[in-house]
Amino acid sequence: MTSVKEFRIDEEPTAEDLGHGAFVFTDDYSVFDWGKMPDEIPQKGASLCTMGAYNFEVLEQNHIPTHYEGVAVDGDAVGAAEPRVTVDLADALAAGVAPREMTISLTQVPDLPHDGDEYAYDAYHDAAGENYLIPLEIVFRNTVPVGSSLRKRTDPVDHGLDYSSWPDEPVDLPEPVVEFSTKYEQQDRYLGRAEADRIAGVVDIDRLEELALSVNHILNRQAETAGFVHEDGKIECLYYQGEIRVADVVGTFDENRFSYDDQEVSKEVIRQYHKRTQPEWVEAVAEAKSEADERGVADWKSLCDRTPDPLDDAVIEAASDLYRAGTNAYVGSDIFDVPDIAAAVETVRTV
């Protein structure tokens, strides 16, 4: 199980074949790598499943292979005899169903042995063979929002920008930036190309970069059509018998950053809210991560002496409306009975 979606295995993958399973999207949320937070955001799971399925189907239409197989819904809802069936998103929406379950192909995910903060990627790949989840996140950036980690790790001049320091507003990049970070380490870290290439195994990171840029281009186009700006995001990929397929979930308000009319429309809204209202907890998280790095241990959370407080009811309602209205606008369908995206954005401006 992940922090915000449940993972079900229906058929185990093998060294030779892909398996089958599903993501079941919950209404949980996570910020600052904390895992499950104290609250739920109503209908967030259905919003993310719908948006993710939509993007996977757009990628497939553009000849980008993925692990997506469809969305799972009650058979009665779509006139099927079986109690549970997998259908295209359009069939679910036509039946008035906002799905929460995404059916996917599964690959192998071997154990990643580690001693403190040292991870044995050679052992991972020895067990993986030609069918495995690539243990990297491939990050793409079109803009540099105020909350972007790129501001801490680079200077504007590194990206051809004419600033002596990062300004206090979002900055458009002249060309998308692609970075690689770890996926299965206790605390994610960004990597140089040589280390990323080693961690990727037999997969060449130039191919991963090319794929990430293609996905980014498609998401940019879709976002623009719906009135959004796609700021940054990531993909995860599996490798199966020479082919790279996009895996996990793509282009949702949790995986990626979007804005609408200069307002963040993503999990970043809640992240920034916590920074303003619970700075002591946010600082404690940062200190625990730093201490873990200094000690050379992976489990930073056990070093944190604070826990997050619940959200106010008004913030939960505003976040729920934002997820649902944003999905309606992005997909171009009135799936959720909620005010339009412009109204939802105006509400969160005051959060």
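Structural data are supplied above this passage.
All of these numbers come straight from a predicted model, not from anything done at the bench.

Participant: How should the packing of aromatic side chains be read in this particular structure?
Facilitator: Here a ring pair, both rings aromatic, is described through the centre-centre distance and the interplanar angle of the planes. For the coordinates displayed, the defined rule picks out 17 aromatic pairs. Between the aromatic rings of phenylalanine 56 and tyrosine 68, the centroid separation amounts to 5.4 Å while the plane-to-plane angle is 15 degrees, which identifies the pairing as stacked. Here tyrosine 68 lies in strand β3 (residues 68-74) and phenylalanine 56 lies in helix α1 (residues 44-61), a separation of 12 residues in the sequence. As far as burial versus exposure is concerned, phenylalanine 56 and tyrosine 68 are alike and both buried. Seen in terms of ring centroids, phenylalanine 228 and tyrosine 330 are 6.2 Å apart; in terms of plane orientation they differ by 55 degrees. Their pairing is tilted.

Participant: Teacher, can you tell me more about helix α3 (residues 121-128) here?
Facilitator: If you check which residues of α3 are buried, you get Tyr121, Tyr124, His125 and Ala128. On an axial view of α3, the arc spanned by its buried residues comes to 90 degrees, and they lie on one face. For α3, the exposed residues lying more than 90 degrees away from the buried face are Asp122 and Asp126. Those residues of α3 that are buried are in contact with β7 (118-119), β8 (131-133), β10 (171-182) and α5 (193-200). Glycine 129 lies just past α3 and shows a positive phi near 65 degrees.

Participant: How should empty space enclosed by the protein be read in this particular structure?
Facilitator: In this approach, a probe sized like a water molecule rolls over the atoms, and the result shows the empty space that is left. Here the structure, examined in full by the defined rule, presents two cavities of 30 Å³ or more. Approximately 60 Å³ is the volume found for the largest cavity. Taken together, the elements giving at least two residues each to the lining of the largest cavity come down to α7 (268-277) and α9 (313-331). At five residues, α9 tops the list of elements feeding residues into the lining of the largest cavity. Looking at the lining of the largest cavity residue by residue, the classes come out as 10 nonpolar, one polar and no charged. Together, Val4, Lys5, Phe25, Leu48, Thr252, Asp254 and Glu255 line the second largest cavity. Residue composition of the lining of the second largest cavity, by class: three nonpolar, one polar and three charged.

Participant: I tried to follow the sheet that holds strand β4 (residues 84-87) on my own but got confused; where do I start?
Facilitator: Two modes of strand pairing occur in sheets, parallel and antiparallel, and in both the strands are linked by backbone hydrogen bonds. As summarised here, the arrangement of the five strands in space is β1-β2-β5-β3-β4, forming an open sheet in which the pairing is antiparallel. A strand with exactly one partner marks an edge of an open sheet, and here the two such strands are β1 (5-11) and β4. Neighbour-to-neighbour, the strand axes of the sheet open up by a mean angle of 30 degrees, direction not taken into account. Examined bridge by bridge, β3 and β4 share four bridges and lie antiparallel to one another. If you follow aspartate 74 over to β4, its bridge partner there is arginine 84.

Participant: Please clarify how the environment of tyrosine 54 should be interpreted in this entry.
Facilitator: With respect to the element layout, tyrosine 54 can be found in helix α1. Each C-alpha atom of the pair tyrosine 54 and aspartate 88 lies 9.2 Å from the other, and the pair is 34 residues apart in sequence. In contact with tyrosine 54, other than residues within four places in its own chain, are Leu89, Gln222, Tyr330 and Val331.

Participant: Teacher, can you tell me more about the layout of surface pockets here?
Facilitator: Here the second largest pocket defines a volume of roughly 440 Å³. Of all elements in the fold, only β12 (229-240), β14 (257-260), β15 (263-264) and α7 reach the threshold of two or more residues within the lining of the second largest pocket. Sort the elements by how many residues they give to the lining of the second largest pocket and α7 lands first, with four residues. Each residue belonging to the lining of the second largest pocket can be placed in one class, and the counts come to eight nonpolar, five polar and eight charged.

Participant: Teacher, can you tell me more about the nonpolar core here?
Facilitator: If you look at soluble globular proteins, the nonpolar side chains tend to sit buried side by side. One finds Ile134, Leu136, Leu208, Val215, Phe228, Ile235 and Val246 to be the most contacted residues of the largest nonpolar core, which totals 98 residues. The dominant element in this core, judged by the number of residues it contributes, is α9, at nine residues. Excluding anything up to four places from it in sequence, leucine 136 contacts Phe180, Ser181, Lys183, Leu191, Ala196, Ile199, Ala200, Leu208, Ile235 and Glu236. Residues Val144, Leu150, Trp166 and Leu173 belong to the second largest nonpolar core, which totals seven residues.

Participant: When you look at the packing of α1 against helix α6 (residues 205-225) in this model, what are you seeing that I'm missing?
Facilitator: Two quantities define a packed helix pair, namely the angle between the axes and the distance from one axis to the other. At a minimum axis distance of 11 Å, the contact between α1 and α6 shows a crossing angle of 120 degrees. Two packed elements cross with a definite hand, and for α1 against α6 that hand is right-handed. Where α1 abuts α6, its residues Tyr54, Asn55, Val58 and Leu59 lie against Val215, Ile218, Leu219 and Gln222. Residue composition of the contact of α1 with α6, by class: six nonpolar, two polar and no charged.

Participant: What is the right way to look at unusual backbone geometry in this model?
Facilitator: Negative phi values dominate among residues other than glycine, just as trans dominates among peptide bonds. Backbone geometry at histidine 63 places phi at a positive 65 degrees, although glycine is not the residue there. Relative to the helices and strands, histidine 63 is located in the loop between α1 and β3.

Participant: Just checking my understanding: could you explain α1 for this structure?
Facilitator: If you check α1, its first and last C-alpha atoms are 26 Å apart, about what 18 residues at 1.5 Å a residue would give, namely 26 Å. Where burial is concerned, most of α1 is hidden: 15 out of the 18 residues are buried. Immediately downstream of α1, the backbone of histidine 63 shows phi near 65 degrees, a positive value.

Basis of the calculations
Here, residues in each chain are numbered from 1, in the same order as that chain's written sequence. Per-residue local features are limited, in this predicted model, to residues with pLDDT of at least 70; the limit for side-chain atom pairs, both in listing and counting, is 80 or more; totals at the level of whole chains, interfaces and linings are taken over all residues. With hydrogens and water stripped out, all remaining heavy atoms of the structure feed into the side-chain values. Pairs were defined over the aromatic rings of Phe, Tyr and Trp, the Trp ring being its six-membered one, requiring ring centres within 6.5 Å. Orientation was assigned from the angle between planes: stacked under 30 degrees, edge-to-face over 60, tilted for the rest. Each helix is a run of DSSP H or I of at least 4 residues and each strand a run of E of at least 2, with the numbering of both proceeding from the N terminus. A 1.4 Å probe rolled over the protein chains alone gives each residue an accessible area, and that area as a share of the maximum for its type sets the label: buried under 20%, exposed over 50%, partly exposed in between. Summarising the geometry, the arc corresponds to the directions from the helix axis toward the C-beta atoms. Residue contacts are defined here by distance: any two heavy atoms, one from each residue, within 4.5 Å place the two residues in contact. The way it works is a 1 Å grid over only the protein atoms, where trapped points that fit a 1.4 Å probe form a cavity and open points with protein on both sides within 12 Å along at least five of seven lines form a pocket, and then any residue with an atom within 4 Å of a point lines it. Grid points are joined across faces, edges and corners, and a volume is the space filled by probe spheres set on the points. Residue classes follow a fixed rule: Ala, Val, Leu, Ile, Met, Phe, Trp, Tyr, Cys and Pro count as nonpolar, while Asp, Glu, Lys and Arg count as charged, and any other residue, Gly among them, counts as polar. A pair of strands is treated as paired once DSSP finds two or more bridges between them. For helices, the axis comes from a line fit to the C-alpha atoms of the stretch in contact; other axes are also lines fit to C-alpha atoms, and the angle between any two N-to-C directions lies between 0 and 180 degrees. To form a nonpolar core, buried Ala, Val, Leu, Ile, Met, Phe, Trp, Tyr and Cys residues must be joined to one another through side-chain atoms within 4.5 Å. Left-handed is the label given to a crossing in which the near helix is rotated counterclockwise from the far helix by less than a right angle, and right-handed is the label when the rotation is clockwise. Every helix has an expected span of 1.5 Å times one less than the residues it contains.

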